[in-house]
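Okay, here's what each chain looks like letter by letter:
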Amino acid sequence: MIADPLSQLVMLGSSGMLLTALIVLWRKGIPAYVTAYRWQSWLLAAITATVGYYGHDPQLYWVAAVLLALKGIAIPALLATMQRRFGAEREATPYVNTETSLAIAGALVLFAYVIARPWMTITTLPTRQGLPLALALLFVSLLIVVSRKKAMTQVIGFLMLENAIALLAAVGTYGVPLLVEFGVFLDALMGFLVMQIFVYHIHETFDTIDVEELTRLRH
Amino acid sequence: MAACYGAGALLSLLLARWSGRLALGLSHLAAAAGAAAGLALSLGLLLGEPGRTLIQPLPNIFPFAKLSLSIDGLSAYFLLVVSVVAVAAAIYGPAYLRAHSPDAGSPRQAAQGFALNVFLGCMAFLCCAGDALTFLFCWEGMTLASYVLVVSDDRDGENARAGLLYMVMAHGGTALLLVAFLALTERAGAFDFAALRAAATGLNGPTRTALFFLALGGFATKAGVVPLHVWLPRAHPAAPSHVSALMSGVMLKVAIYGLLRFTFDLLAPVAGPLPFSWGWTVLFVGTTSAVLGVLYALQQHDLKRLLAFHSVENIGIILIGVGLAMILWRQSTGGALATVALTAALLHTVNHAAFKGLLFLGAGSVLSRTHLRNIEELGGLARRMPWTAGLFLLGAIAISALPPLNGFVSEWLTFQALLGGATRFHGPAGLVIVFSAAMLALTGGLAAACFAKAFGVTFLGRPRTSQAEHATEAPPSMIAGMLWLGALCVALGVAPGYAMRLLDAPTAALLHGPGASAVVTARGPLVLSTALTPSGANGTAISMTMVAALLIALSAMALVLRRGVRRAPPRVAPTWTCGMTPTARFDYTATAFAKPLRLVFAALYHPRREVTRETAGTPYVVRRIHYAGEIVDLAETHIYHRVEREISALSQLIRARSTGRIYGYIGFVLAALFVALLLLGVAY
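These figures come from a predicted structure and were not determined experimentally.

Draft legend 1. Geometry of helix H2 (residues 30-55) of chain A. Under the 1.5 Å per step criterion, the end-to-end length of H2(A) is 37 Å for 26 residues, consistent within 8% with the ideal 38 Å. Positioned one or two residues after H2(A), His56(A) has a phi angle of 55°, which is positive.

Draft legend 2. Focus on the domain arrangement of chain B. Residues and elements named next belong to chain B. Each assigned domain of chain B is listed with its residue range as follows: domain 1 (276-351 + 362-557) and domain 2 (604-684). Taking the mean C-alpha position of each, domain 1 and domain 2 sit 38 Å from one another. Buried surface at the junction of domain 1 and domain 2, summed over both partners, amounts to about 530 Å²; 65% is from carbon and sulfur atoms. Three residues, Leu-295, Tyr-296 and Gln-299, lead the burial of domain 1 against domain 2; their summed loss comes to 81% of the area buried on that side. Applying the counting criterion to the domain 1 and domain 2 interface returns 0 salt bridges. Taken together, the connections running from domain 1 to domain 2 amount to 0 residue pairs in polar contact (both at pLDDT 80 or more). Tallied by class, residues from the side of domain 1 that touches domain 2 come to 5 nonpolar, 2 polar and no charged.

Draft legend 3. Looking closely at the interface of chain B and chain A. Contact with chain B, which involves 19 residues of that partner, is made by 18 residues of chain A. When chain B packs against chain A, the two sides together hide about 1,700 Å² of surface, and 78% of this comes from carbon and sulfur. It is Tyr663(B), Leu670(B) and Phe674(B) in chain B that bury the most area against chain A; as a group they hold 29% of the surface buried on that side. For the interface between chain B and chain A, the tally reads 0 residue pairs in polar contact (both at pLDDT 80 or more). If you list the elements that add at least two residues to the side of chain B that touches chain A, you get helix H25 (634-656) and helix H26 (662-683) of chain B. In terms of residues, the side of chain B that touches chain A owes the most to one element, H26(B), which gives 9 residues. Across the side of chain B that touches chain A, the residue classes tally to 13 nonpolar, 4 polar and 2 charged.

Draft legend 4. Expanded view of unusual backbone geometry. Cis geometry is adopted by the peptide bond preceding Pro227(B), which originates at Val226(B) and carries an omega value of 5°. Inspection of the secondary structure assignment puts Pro227(B) in the loop between helix H8 (205-223) and helix H9 (232-238). Omega for the bond connecting Pro403(B) with Pro404(B) falls within 30 degrees of zero, at 5°, which places this linkage in the cis form. By secondary structure assignment, the location of Pro404(B) is in the loop between helix H15 (386-399) and helix H16 (406-424). Despite not being glycine, His56(A) shows a phi value in the positive range, around 55°. The class of His56(A) is exposed, set by a relative accessible area of 70%.

About the criteria used
- Residues numbered from 1 in each chain as written.
- Chains lettered and ligands numbered in written order.
- Predicted model: local features only at pLDDT ≥ 70, side-chain atom pairs only at ≥ 80, totals over all residues.
- Heavy atoms only, no water.
- Helix = DSSP H or I, 4+ residues; strand = E, 2+ residues; numbered from the N terminus.
- Expected span 1.5 Å × (residues − 1).
- Domains from an automatic or database assignment.
- Buried area = accessible area lost by both parts, 1.4 Å probe.
- Salt bridge = Lys/Arg side-chain N within 4 Å of Asp/Glu carboxyl O.
- Polar contact = N/O pair within 3.5 Å; in protein donor to acceptor, adjacent residues only side chain to side chain.
- Nonpolar A, V, L, I, M, F, W, Y, C, P; charged D, E, K, R; others polar.
- Contact = heavy atoms within 4.5 Å.
- Buried < 20%, exposed > 50% of the residue type's maximum accessible area, 1.4 Å probe, protein only.

Written out as structure tokens, the structure reads:
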């Protein structure tokens, strides 16, 4: 529908990112989630670099490089370490089963398109096709956090939420200043580290990473 | 200066892995070098040509604001105060930390070195900040670094609690400051002080007053003004002693700097006096802090806590001067008197920094040698630690405002300003000022009583515990740090006229009037006289040098006379104690010493005591008497505990409604996001 290569590429990448989030709803093993997150981060870095290439903003290459190093390599590696440590805990019985989750996710994507419509009409950026997809990714990530029981899944949901925000920033503003981007990185990294500690503590206390057990803390 | 502090911070980080001892030494060395550079810079500016302002733009790290340093007279003066104590603390620090906690690991030592450099650097740059962003950034850095230092000393729960309270109070204050500054920057559209000044001229009266009270709240929290002082007596004792000296002697003064800068410089109207309510409020809180600070100090038996309460008192005295200057500034009848009041406040700032620094370092020497802070468990240290005792006594005399030391000079000046001010106002206003003067006099007397107790019980008499009995003198580098501040106390006391020259630039910069030496020193640097009228008719004068000389002469004379009178050779005999052997328990204890005052001010203290007797069968044979007593801090019980109860009641309410299920909480977030987006979408 649009011949502009930037627009096409951004749309392709954003759709891919959304797809990786849907994989999390569909699969049950935590290693698959880590892999999905890794792909998603690479796609995010690629989109950022693409926007930088077409927008002639060399700063964005740096952002893409940091994204790749941090979210594409470092955090997935840490996640894999965590996963190995907890053994093969599977997301066996989520609050919302797979079929329903996927149906809700579909509804959320539709909702995102509805929400993004006024926004789409006021921007003329070539990247605007990515906006509803970024919003949809944001909702789906939240759905992951809400509907799944294992702490690891919830952490991955949060990280995907963070990716969604980064994507939204990249396609919505044509790249944000490096300083702001670094602030967000630092926030995400800190959040992740804190959550990692919490997951370890949950595992130590309850011998499982099922957050259902946390309700026992209330008395 | 920046290079030195930065290098100190970096070095301690780099060496953390390798050798904590080396990191500690080098970082303190760098801090000392930085402080010396600050000292040189500020002295050069203060003694150079008047009215000069140094402006140094900083690299732009933010796209939206230009950062700069601008050092005028006031900045240079406070930089001087910071640097003076920083030199002493940097000399004193390494030996103290090694002696106090020899088993500290190298990461902790490196962290302490790092935080000290950040702390000093932030305080120095805060005084030189030329824009609101640098100011707030340094303010926050100062808070965080001092928090790290507070919790770094011992790993016990009390330090952590003190640190937490400090953090909460400090951030409450910072929030108020943020609002005050951002309201101005919003209006100005820029962050530098010149733009803020221009923006403030367009403010109407009530807005201006609201901003002033916001800033006053923020700065008063940091300065530890009653009733915002509760963090101070907990956090200051918890920090390592040289850091306590810095926090008490310098950090509180930085808050005073902020208040002066904000009130007299940024927010002041173009013409006419400051609004009526400002000065009187400051005068009132100053008087209250001075009296309550010393009263609570009297009942403390923890040496460092006692000193911390004295900081509340001295900040009160400084604020009395500041408040009076605010009242009198640009009044048709005030004139030079405002300058006298401000001079008194600024002089007391450096004086308090010197003697409180000295006292905290002295307390630190005692602490590092005996590991005791409770003065009831000390005693007899004068013989075992003569240098420390002598220097502590010097500080005690200075803080009690006794001539010929520096505390006397600034309190005398404050009195001059107060009494002069009282004659300017008729009716109730004059009475209030006279009342404030009376309270200041009471404060001085009580401070003297308090230090008679602190010095007497700690250093005189017999040792009450074995730690006190086996104490030895502190190492030379610690003594050197104290000597530097002690020398300063004497110099500022004996020749205060020279200090007036330093005060010329800040007073002239702030009040746009005559400099300090124009109104205070009339006849040479050694004579202080206040010319309260243009003709100097009802001025009073005092020569501190003469006072000192007279005191020395008198004591020499007394010594000579006693020599002459003595006839029989002295006879050494045991003390007559009704046939018992004298023990340490015969000495005055701190509790007993403060008892009369506890009774007199019982309404303020609400003292509680508990005496239990263990008798052996009959009530006539008492085996053991156990005494426990405590006093309450009125502000703490009446304000803070009430707030605490309200908050916990509220959280109980919320707790009853929480499910403990994470998906529920995040579901709320998701739902809220949905609703918000829908509403926005509909609005479009």
